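Descriptive analysis of the structure
Here's the letter readout for the chains.
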There are 2 protein chains.
Amino acid sequence: MNIILLSGGSGKRLWPLSNDIRSKQFTKLFKGENGEHESMVQRVYRQIKTVDADAKVTIATSKTQVSAIRNQLGDDVSICVEPFRRDTFPAIALAAVYLQDVQGVGLDESVAVCPVDPFVENTYYDAVKQLGELADAGTANLTLMGIEPTYPSEKYGYIIPETADNVSKVKEFKEKPDEEKAKDYISKGALWNAGVFAFKLGYLVDIAHKMIDFDGYQDLFEKYDTMTKISFDYAVVEKESSIQVMRYAGDWKDVGTWNMMTEVMSENTIGKVKLDDTCENTHVINELDLHVLCMGCKDMVIAVSNDGILVADKEQSSYMKPYVEEIGGIVKFAEKSWGSYTVIDVQPESYTIKVNLKPGHQMKYHSHQYRDEVWTIVAGRGRVVIDGASRRVKAGDVVTLPAESKHTIIAETELHIIEVQLGQDITVEDKVVYSME
Amino acid sequence: MNIILLSGGSGKRLWPLSNDIRSKQFTKLFKGENGEHESMVQRVYRQIKTVDADAKVTIATSKTQVSAIRNQLGDDVSICVEPFRRDTFPAIALAAVYLQDVQGVGLDESVAVCPVDPFVENTYYDAVKQLGELADAGTANLTLMGIEPTYPSEKYGYIIPETADNVSKVKEFKEKPDEEKAKDYISKGALWNAGVFAFKLGYLVDIAHKMIDFDGYQDLFEKYDTMTKISFDYAVVEKESSIQVMRYAGDWKDVGTWNMMTEVMSENTIGKVKLDDTCENTHVINELDLHVLCMGCKDMVIAVSNDGILVADKEQSSYMKPYVEEIGGIVKFAEKSWGSYTVIDVQPESYTIKVNLKPGHQMKYHSHQYRDEVWTIVAGRGRVVIDGASRRVKAGDVVTLPAESKHTIIAETELHIIEVQLGQDITVEDKVVYSME
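The following paragraphs examine the structure supplied in this document. (Residues numbered from 1 in each chain as written. Chains lettered and ligands numbered in written order. Predicted model: local features only at pLDDT ≥ 70, side-chain atom pairs only at ≥ 80, totals over all residues. Heavy atoms only, no water.)

Let's shift gears to the overall build of chain A. What chain A contains, in helices and strands, is 11 helices and 30 strands. In terms of overall size, chain A behaves like a compact globule, its C-alpha atoms giving a radius of gyration of 24 Å where 437 residues would be expected to give roughly 22 Å. A principal-axis box enclosing the C-alpha atoms of chain A has dimensions of 70 × 60 × 40 Å. Taking all 437 residues of chain A together, 56% fall into the buried category. Residue pairs at least 24 apart in sequence account for 65% of intrachain contacts in chain A once pairs closer than 6 positions are excluded. Summing over all exposed atoms, chain A offers an accessible surface of approximately 18400 Å²; the carbon and sulfur share of this is 46%. (Helix = DSSP H or I, 4+ residues; strand = E, 2+ residues; numbered from the N terminus. Rg over C-alpha atoms; globule rule 2.2 N^0.38 Å. Buried < 20%, exposed > 50% of the residue type's maximum accessible area, 1.4 Å probe, protein only. Contact = heavy atoms within 4.5 Å. Areas by Shrake-Rupley, 256 points an atom, 1.4 Å probe, with all protein chains shown as cover.)

What follows is about the pattern of salt bridges. Within this structure, the stated rule accounts for 40 salt bridges over all chains. Two residues, A:Asp219 and A:Lys223, come together in a salt bridge whose shortest N-O distance is 2.9 Å. Look at A:Lys223 and you get partly exposed, because its relative accessible area is 28%. B:Glu82 is the salt-bridge partner of B:Arg85, the closest N and O atoms lying 3.7 Å from each other. Judged by its relative accessible area of 36%, B:Arg85 falls in the partly exposed class. (Salt bridge = Lys/Arg side-chain N within 4 Å of Asp/Glu carboxyl O.)

This brings us to the relation of the copies chain A and chain B. With an RMSD of 0.1 Å, chain A superimposes on chain B once it is rotated by 179 degrees and translated 0.1 Å along the axis. In the structure described here, the two chain copies are related by an operation that fits a two-fold rotation axis. Among all C-alpha atoms of chain A, that of A:Ile344 lies closest to the rotation axis, at 3.1 Å. Looking at chain A, 100% of its interface residues are interface residues in chain B too, so the copies touch through the same face. (Least-squares fit on C-alpha atoms with pLDDT ≥ 70 in both.)

What follows concerns the packing of helix H3 (residues 88-101) of chain B against helix H6 (residues 201-211) of chain B. All names here are of chain B. With their axes 9 Å apart at the nearest point, H3 and H6 run at an angle of 120 degrees to one another. Taken together, the axis directions place H3 and H6 in an arrangement best described as oblique. Between H3 and H6 lies a crossing of left-handed hand. Seen from H3, the contacting residues are Phe89, Ile92, Ala93, Ala96, Leu99 and Gln100; seen from H6, they are Leu201, Leu204, Val205, Ile207, Ala208 and Met211. For the contact of H3 with H6, the class distribution of residues is 11 nonpolar, 1 polar and no charged. (Axes fitted to C-alpha atoms, helices over the stretch in contact; angles between N-to-C directions. Parallel < 35°, antiparallel > 145°, perpendicular 65-115°, else oblique. Left-handed = near helix turned anticlockwise from the far one by under 90°. Nonpolar A, V, L, I, M, F, W, Y, C, P; charged D, E, K, R; others polar.)

Moving on: the interface of chain A and chain B. Each side of the interface is counted separately: chain A has 54 residues, and chain B has 54 residues. Here chain A meets chain B over a buried area of about 4300 Å², counting both sides, of which 67% is carbon and sulfur. The three residues of chain A that bury the most area against chain B are A:Leu293, A:Met295 and A:Ile309, which together make up 17% of that side's buried surface. Summed over the shared surface of chain A and chain B, the number is 16 residue pairs in polar contact (both at pLDDT 80 or more). Per-element accounting of the side of chain A that touches chain B gives the leading share, 6 residues, to strand E19 (residues 308-313) of chain A. Within the side of chain A that touches chain B, the residues separate by chemical class into 29 nonpolar, 15 polar and 10 charged. Here E19(A) runs beside strand E17 (residues 292-295) of chain B; their pairing, made up of 4 bridges, is parallel. The partner of A:Ala312 across the bridge, within E17(B), is B:Met295. (Buried area = accessible area lost by both parts, 1.4 Å probe. Polar contact = N/O pair within 3.5 Å; in protein donor to acceptor, adjacent residues only side chain to side chain. Pairing = 2+ DSSP bridges.)

Within the structure shown, the criterion is met by 28 aromatic pairs over all chains. Both rings, one in A:Tyr365 and one in A:Tyr434, keep their centres 6.2 Å apart while their planes meet at 65 degrees; by these two values the pair is edge-to-face. Linking A:Tyr365 in strand E23 (residues 365-367) with A:Tyr434 in strand E30 (residues 432-434), this pair joins segments that are 69 residues apart in sequence. Connected via pairs of aromatic rings, a cluster forms that spans A:Tyr151, A:Tyr156, A:Trp192 and A:Trp252. Directly above the aromatic system of B:Phe30 lies the positively charged group of B:Arg43, at a separation of 6.0 Å from the ring centroid. If you follow B:Lys406 out to its NZ or CZ, it ends over the ring of B:Tyr434, 4.6 Å from the centre. (Phe/Tyr/Trp six-rings, centres within 6.5 Å; stacked < 30°, edge-to-face > 60°. Lys NZ or Arg CZ within 6 Å of the ring centre and 35° of its normal.)

Looking now at the sheet that holds strand E21 (residues 339-347) of chain A. All names here are of chain A. On the basis of which strands lie adjacent, the open sheet formed by 6 strands has the order E20-E21-E22-E29-E24-E27 and antiparallel pairing. Pairing within the sheet leaves two strands with one partner each, and these edge strands are strand E20 (333-336) and strand E27 (398-401). Here the average twist between neighbouring strands, direction ignored, is 20 degrees. Inspection of the sheet shows E20 paired to E21 by 4 bridges, in the antiparallel sense. What sits directly across from Ala334, in E21, is Tyr341. Where helix H2 (residues 63-73) meets the sheet, it contacts E20 and E21, and its direction lies at approximately 65 degrees from that of E20.

Turning next to the pairing of strand E21 (residues 339-347) of chain B. Residues and elements named next belong to chain B. Counted residue by residue, E21 has 8 buried out of 9 residues, so it is predominantly covered. A loop of 2 residues connects strand E20 (residues 333-336) with E21, the two strands running antiparallel in sequence. Here E21 runs beside strand E22 (residues 350-357); their pairing, made up of 8 bridges, is antiparallel. Counted as the bridge partner of Ser340 is Asn356 from E22.

Counting buried positions along E22(B) yields 7 of 8 residues, so the element is predominantly enclosed. Counting the residues that bridge the hairpin from E21(B) to E22(B) gives 2 residues.

This part takes up the sheet that holds strand E19 (residues 308-313) of chain B. The strand order across the open sheet built from 6 strands is E15(A)-E17(A)-E19(B)-E18(B)-E16(B)-E14(B), with neighbouring strands paired in mixed fashion. On the outer flanks of this sheet lie strand E15 (273-275) of chain A together with strand E14 (269-270) of chain B, each paired with one strand and no other.

Residue and element names in this part refer to chain A. One can find Arg86 in the loop between strand E5 (78-82) and helix H3 (88-101). Its relative accessible area of 22% is what places Arg86 among the partly exposed residues. The sequence separation of Arg86 and Ile59 amounts to 27 residues, and the corresponding C-alpha distance is 15 Å. At a separation of 3.1 Å, a polar atom in the side chain of Arg86 contacts the main-chain carbonyl oxygen of Met227.

Right under this line is the structure:
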């Protein structure tokens, strides 16, 4: 099957483990099959491949997530990068044209679209596969997944089917209701709209061509900033009359807040954490290399990262967004395609960074105008290139990089570097990237 | 007046702001007169000097606290260092002989002894001064302070005076009682024993000579390890018949646990902390350079340092000791006489340290056998000496220090250094100190 995974959002509601450049889907909170922790993106990708080893997965996302996806999923997955944030219709249209033009998917093949967020069991992806098969069969232009509601939620849109059959024509859509209305809808057999749907590729490519004049993927990519911000629901779903819904009754959990996230975590603690015997219903995630001791904590979530520390009553944690926006601050941890970096000290005229490079990977060849840098190699070996001159380095070596020097480092083995940045105006913008001749 | 301040203990009950080398009395939790935060030791010293600007203060303490005392109080205060931990009698005897021999205090002058721990108002030191005056008057060999009890505590010893006068002969002493007995003592006019007393210097020097054969301070210092571990109460107070007690009715608080410490803190938060509107009776102390966000916390104490993170119900926090002993771990922050150091990264074969040197100060001239070091100067200027050769350094300079090289750095201005230690066996013990020719 062909799947487009929509990976968006900066996820301020899972601060401090998500931030402006690290979305919640990359936070490793779940126990994977080999006992190691995996992120939402890793879990979803593993689940899809378990259901269909031949599934072609394309992740539609923004530039800021590419490094983390490559780091976590490697080079096999294909990524369709939105050059700007638009809404879901432009993102899906671009991905559809990408499948056609770059991936060579036939216009008659079915494609399923899923958000990357929900926490689900493997049966969910069996259902996604069935959606694709229904789209292949061609009985409707659009086939949606409808989740059997477990309570009258005010957070989801509802789909009212014509019949109670497993697959039914859609009678109508309802916006997020209040609880009373939700009960009423459910009594009429309504299903939650999970934002999952399948269609034949040609169907969506046609719609894209009707909405914007373009010639192939590269042209659409360049015209992306001229596209209207509009959701797929408004642009496509609500205008389509040939539309059906398939029921899904398995577990399906939105994990957009800490309160909901802790419900699906398989362990109460991750990292160096000690809970005393009087703690109850408390979850602690500690990404730092220091101990967290919790005593007498009830119904709490505690999350510790280089970006901050959250200590919250679980209920209350759902209201964190305005506080997190107020806190702001520099991002202290980031995953890159070549490894990761962590800011370990900030002073008025210096930043100290821990850089980890994966074997065989390298930084981009780059220079800074306003800062000098000093690298102390603390583990591994590799090769530095400075202004075209290459030399081998190993643990214990010190490399000084004056402002304006072009430099990179290539890891032969896993490489750990302490980088001290020195200057009066240290910013992420002060970086020029070059190609290496 | 002459005051001996007893500064002991490693204070595991205020983890993570106290640890094996940083006692609770050096943690800056109180608002000082100029609005800056001050530690217990700084507060006590300021209070004594407010009551008596000419007071001669000697701190009796262990080697491990000398750097922090010098850092916080400067060079004016005199310090009597116990070469080993013995109990309070040896410590006070050594300090008494130090006053006589090193400070030149006359044997007929009075000396008051106070623990550095309790949180008190200035009137307490007025009372200490009066104790000294009573000792000067010579109506008894020992004059004790008795605190008017505010509740039948099981944590303190009791003094039963002969009369209800402000100053009275002592009838008898009682060990820590249960609550029923405490009520009974209080009904008989008993007072809490605060461990504060005054005597003429000659009185204690005589007792010291009776208990051990020594000739002057240096000799007693060298024989210190042969002295019996015994408390001042057992060795002196309980054997003395010429003994009186003076009442004190002001505020007097033991702040040995977080629950009690938070009662006397003037602010609910220290450092980068945000409490939402639903937090109640919660105190947060954050020494790290990242934000702490608290939501819906009730009756909690949260303390964050390089040594760890405590999130505790206030009541429950009193039981932390066994957990803290289990956690153990390396000490990541220490105050030195020349400034401070903070461990910011630990890897299998490297430590990265942030070193701050105060202007005019320097490290000891030293070498390491098993590790190389790399200094990147990130702020200030100074002078390094390596194997006898001296050179000036400033922000931006890099200094490499191979194993076995003798080295030091002298700060001309405030100096900030990122030090990367590299080796397979990095320990604090791997250090040889030299004198500089």
